[in-house]
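An overview of the molecular structure
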Amino acid sequence: MKKIISLLALVFLFNSCALDDGPNYTYELRPIVSVDIPSEFTLGETYTITMRYNRPTTCHFFNNIYYDKNLNVRTIAVETAAQDRNNCEPTPNDLTECSFNFLVTSNGSYIFKFYQGEDEQGNDIFLEYEIPVTN
């Protein structure tokens, strides 16, 4: 009985690993150009924070928002997916918006670090805002 279960498991494993002829994508973080963020927060309130980034080609599209929290620091970036195609057209002036909702859950201030790319040495650079919380 154990041999049959093992054999069935192997069959399912090999079938699930079949190559897919679908499109290939690469994922990348895009520099955030500008942010709409309040100058202060009220404890318990929810705020929409809007970011703008450049979409470099017609093959790039929004995939996700990278969001990391560490105590009162929030590090945020926009992740795009780029479809691997031969007919991608450059879109140098295509400023695209995305947003997220932020619920204020603690007193003090929040520090937001929005990814803006890398410097000449390959270090990440950020657009930073410190937002105080009022009661």
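Further up the page is the structure itself.
The rules behind these values
Residues numbered from 1 in each chain as written. Predicted model: local features only at pLDDT ≥ 70, side-chain atom pairs only at ≥ 80, totals over all residues. Heavy atoms only, no water. Core = buried A, V, L, I, M, F, W, Y, C linked by side-chain atoms within 4.5 Å. Buried < 20%, exposed > 50% of the residue type's maximum accessible area, 1.4 Å probe, protein only. Helix = DSSP H or I, 4+ residues; strand = E, 2+ residues; numbered from the N terminus. Contact = heavy atoms within 4.5 Å. Pairing = 2+ DSSP bridges. Disulfide = S-S within 2.5 Å. Axes fitted to C-alpha atoms, helices over the stretch in contact; angles between N-to-C directions.

**What about the nonpolar core?**
Among soluble globular proteins, nonpolar side chains are generally buried collectively. Judged by nonpolar contacts, the single largest core of 20 residues is most densely connected at Phe41, Ile49, Met51, Phe112 and Phe114. Among the elements of the structure, strand S2 (32-36), strand S4 (46-54), strand S6 (73-83), strand S7 (95-103), strand S8 (109-118) and strand S9 (124-134) are those that each provide at least two residues to this core. In terms of residue count, S4 provides more of this core than any other element does, 4 residues in total. When neighbours within four sequence positions are excluded, Met51 is seen to be in contact with Ile32, Ser34, Val35, Ile65, Ile76, Val78, Thr96, Glu97, Cys98, Phe100 and Phe114.

**Remarks on the pairing of S8**
As paired strands, S6 and S8 are joined by 4 bridges and run parallel to one another. Note that in S8 the partner of Val73 across the bridge is Ile111. Where S8 hands over to S9, the hairpin turn is made up of 5 residues, of which Gly122 adopts a positive phi near 85°.

**A short note on unusual backbone geometry**
With a phi angle near 55°, Leu71 is a residue other than glycine that sits in the positive phi range. Structurally, Leu71 is set in the loop between strand S5 (60-70) and S6.

**A look at the state of the cysteines**
A covalent bond bridging the sulfur atoms of two cysteines is what the word disulfide describes. Tallying each qualifying case throughout the model produces 1 disulfide. The disulfide bridge from Cys59 ends at Cys88, spanning 1.8 Å between sulfur atoms. Taking the torsion about the S-S bond as the criterion, the Cys59 to Cys88 disulfide, at about -100°, is left-handed. In this pair, Cys59 sits in the loop between S4 and S5 while Cys88 sits in the loop between S6 and S7, placing the two residues 29 residues apart along the sequence.

**Side note on the sheet that holds S7**
Reading across from one edge, S2-S4-S7 is the order of the 3 strands in this open sheet, with antiparallel pairing throughout. Among the strands making up the open sheet, the edge pair consists of S2 and S7. The average angle at which neighbouring strand axes cross in this sheet is 25°, direction not considered. Across 4 bridges, the pairing between S2 and S4 is antiparallel. Of the residues in S4, the one forming a bridge with Val35 is Met51.

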